[in-house]
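Survey of secondary and tertiary structure
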Amino acid sequence: MNVFLYELRAFRKNTILWVISMSLLAVVFMSVFTAYTADAESFRNLFKGFPPEVLKAFGIDIDIVFSVLGYYSFIFAYVLLCGAIQAMHLGLSLITKEFNRKTADFIFTKPKPRASILTAKLMSGITLLLVTDIVYISVAYAMANITAEEPFDSKIFFMISISLFFVETMFYILGVLTGAIFHRIKSVTGVTLGTVFGFFIAGMLGDALDDEKIRYFVPFKYYDGFDIIRESGYDSKFVLINIFFVIAATLASYALYSKKDIHSA
């Protein structure tokens, strides 16, 4: 049994739905850009009427948000939210579905070590996320070129867009680790939405309170689009935290998954 191909087939419909949803998100958001910039002065005055804390909470920088890259950075926060939901749900589902269905004894009786099975599952999930991201970024870039009235820096656009995968890896491996820790999770969707929205709201509160410390605990804030535009790059300390977390959580997942008890039907 090829676990990698089996998991790709098992989650292909779910991935196709995410590909379509996120591509439509890019089309709709970028289609609004023309109307948004056409009445830029009205929006600017509207934004000025809000308290600075509210603007920070929703990730609005008046000086940048009316450019293609600035607008894209603003809407990209909600793309990250969708990507995080997909990633964590996928990670949780890959690890828990056999235990929830009480079919884990079947897969573990095959002549494959648990580490090999987990590796195949992890690689299948990463492949599905990459497929989703490649299609999304392609559609978003095409829409940006269609709607932009002035040239924009493609390098910065792709740096912002690729950060989607970096954030997804954190939520993906968090889902895997959660599935490895707990024997059975009754609602994968409930755990996913609760966790992801919890981090998202924490990030908004951190911005509103201007508390830099909160940023270290919220993956959504590791690759802030406006910071990428200003600095033309990523903040190295958050990249290192991202890498460290993924490596540590992956090793912990292997250790826990290898010793996890099996309850057959």
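In this report, the structure presented in the accompanying data block is examined. (Residues numbered from 1 in each chain as written. Predicted model: local features only at pLDDT ≥ 70, side-chain atom pairs only at ≥ 80, totals over all residues. Heavy atoms only, no water.)

What follows deals with the environment of Leu130. Inspection of the secondary structure puts Leu130 in helix α7 (residues 114-147). Classification of Leu130 by relative accessible area gives partly exposed; the value is 36%. Sequence spacing of Leu130 and Leu174 is 44 residues, and the spatial spacing of their C-alpha atoms is 17 Å. (Helix = DSSP H or I, 4+ residues; strand = E, 2+ residues; numbered from the N terminus. Buried < 20%, exposed > 50% of the residue type's maximum accessible area, 1.4 Å probe, protein only.)

Before going further, it helps to examine the pattern of salt bridges. In the structure shown here, the tally under the stated rule is six salt bridges. As a salt-bridge pair, Asp207 and Lys221 come within 2.5 Å of each other at their nearest N and O atoms. With Asp207 in helix α9 (residues 188-209) and Lys221 in the loop between α10 (212-215) and α11 (225-231), this pair connects stretches of sequence that are 14 residues apart. What makes Asp207 partly exposed here is its relative accessible area of 23%. Judged by its relative accessible area of 16%, Lys221 falls in the buried class. Here Lys237 makes a salt bridge to Asp235, at a shortest N to O gap of 2.7 Å. Counted as one network, the salt bridges with shared partners bring together Glu212, Arg215, Asp227 and Arg230. (Salt bridge = Lys/Arg side-chain N within 4 Å of Asp/Glu carboxyl O.)

As a further point, take the layout of surface pockets. The volume enclosed by the largest pocket comes to roughly 410 Å³. Lys56, Asp207, Asp210, Asp224 and Asp227 are, among the 17 residues lining the largest pocket, the residues nearest its centre. When the residues that make up the lining of the largest pocket are grouped by side-chain class, the tally is three nonpolar, three polar and eleven charged. (1 Å grid on protein atoms, 1.4 Å probe; cavity = no way out; pocket = protein on both sides within 12 Å on 5 of 7 lines; lining within 4 Å. Points joined across faces, edges and corners; volume = space filled by probe spheres on them. Nonpolar A, V, L, I, M, F, W, Y, C, P; charged D, E, K, R; others polar.)

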